[in-house]
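Descriptive structure summary
So you can see what is in the structure, the chains are spelled out below.
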Amino acid sequence: KKGKKKKKMNEEPEDKDLVFPKEQVSNAIKGAVDSVITHETPYNHNKVSQQISNIVETSIKRLSQLDRPYKYIVTCNIMQNNGAGFHTASSCYWDTCDGSYIHKVEGKFLYVVTTVFALSL
């Protein structure tokens, strides 16, 4: 059968556009979070929902501006920094051209954890 050769899991992608752009993703997410949260931002339960929405929407906008052949999933968690524990984990099994990135911020009054999953088209 002629056609595209099926890429095996964990095989390096031939197309450089399909190499996960971790540094660009990192810059996009850091910029999105920094546009909403600073080290001194107080925790306000009434504002958290809007802050999360702003971070996720800005992240998606910045990621789409990278003009790479990916679909993105962005999650964000904000928690009050009051001494309580906060644990999160994720696991993925996918092609080498797919990727994920986690950006963590520990402010004086809150924690922000933003996760990006990038799935090649």
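Refer to the structure above for everything that follows.
Below is a summary of the structure that appears in this document. These numbers were taken from a predicted model, which means no experiment stands behind them. (Residues numbered from 1 in each chain as written. Predicted model: local features only at pLDDT ≥ 70, side-chain atom pairs only at ≥ 80, totals over all residues. Heavy atoms only, no water.)

This paragraph deals with the overall build of the chain. Within the chain one finds two helices and three strands. Reading the helices (α) and strands (β) of the chain from amino to carboxyl end gives α-α-β-β-β. The buried share of the chain, taken over its 121 residues, is 33%. Restricting the contact set of the chain to residue pairs at least 6 apart, pairs at least 24 apart contribute 73%. On the chain, roughly 8300 Å² of surface is accessible, and the fraction owed to carbon and sulfur atoms is 49%. (Helix = DSSP H or I, 4+ residues; strand = E, 2+ residues; numbered from the N terminus. Buried < 20%, exposed > 50% of the residue type's maximum accessible area, 1.4 Å probe, protein only. Contact = heavy atoms within 4.5 Å. Areas by Shrake-Rupley, 256 points an atom, 1.4 Å probe, with all protein chains shown as cover.)

Close approach of charged atoms allows side chains of opposite charge to pair. Under the defined criterion, the tally for this structure stands at two salt bridges. Taking the shortest distance from any N to any O, the salt bridge between Lys30 and Asp34 comes out at 2.7 Å. Residue Lys30 and its partner Asp34 are both found in helix α1 (residues 22–34); the two are separated by four residues, about one turn of the helix. Classification of Lys30 as partly exposed rests on a relative accessible area of 41%. (Salt bridge = Lys/Arg side-chain N within 4 Å of Asp/Glu carboxyl O.)

On to the pairing of strand β3 (residues 110–120), then. Each regular strand displays side chains that alternate between the two surfaces of the sheet. Among the 11 residues of β3, nine are classified as buried, and the element is accordingly described as predominantly covered. Across 11 bridges, strand β1 (residues 70–80) lies against β3 in antiparallel orientation. If you follow Ile73 over to β3, its bridge partner there is Phe117. Bridging between strand β2 (residues 99–106) and β3 involves eight bridges; their strand directions are antiparallel. The partner of Ser100 across the bridge, within β3, is Phe117. In this structure, the hairpin formed by β2 and β3 is closed by a connection of three residues. (Pairing = 2+ DSSP bridges.)

Two elements in contact, α1 and helix α2 (residues 45–64), have axes separated by 8 Å at closest approach and are oriented at 145 degrees. For the pair α1 and α2, the crossing hand works out as right-handed. Side by side, α1 and α2 meet where Val25, Ala28, Ile29, Gly31, Ala32 and Val33 of the first sit next to Ile55, Thr58, Ser59, Arg62 and Leu63 of the second. Here the contact of α1 with α2 is built from residues that sort into seven nonpolar, three polar and one charged. (Axes fitted to C-alpha atoms, helices over the stretch in contact; angles between N-to-C directions. Left-handed = near helix turned anticlockwise from the far one by under 90°. Nonpolar A, V, L, I, M, F, W, Y, C, P; charged D, E, K, R; others polar.)

By definition, the strands of a sheet pair up through backbone hydrogen bonds, in either a parallel or an antiparallel sense. On the basis of which strands lie adjacent, the open sheet formed by three strands has the order β1-β3-β2 and antiparallel pairing. A single partner strand is all that each edge strand has here, and the edge strands are β1 and β2. Between one strand and the next, the sheet's axes are offset by a mean angle of 10 degrees, whatever the strand orientation. Strands β2 and β3 of the sheet are contacted by α1, whose axis makes an angle of about 35 degrees with β2. In the packing of α2 onto the sheet, contacts are made with β1 and β3, and the angle to β1 comes to roughly 155 degrees.

You can see Thr41 is positioned in the loop between α1 and α2. Exposure remark for Thr41: the relative accessible area of 11% places this residue in the buried category. Polar contacts involving the side chain of Thr41 include one to the main-chain amide nitrogen of Thr38, which spans 2.7 Å. With residues up to four places along the chain from it excluded, the contact list for Thr41 reads Val36, Gln51, Phe109 and Leu110. (Polar contact = N/O pair within 3.5 Å; in protein donor to acceptor, adjacent residues only side chain to side chain.)

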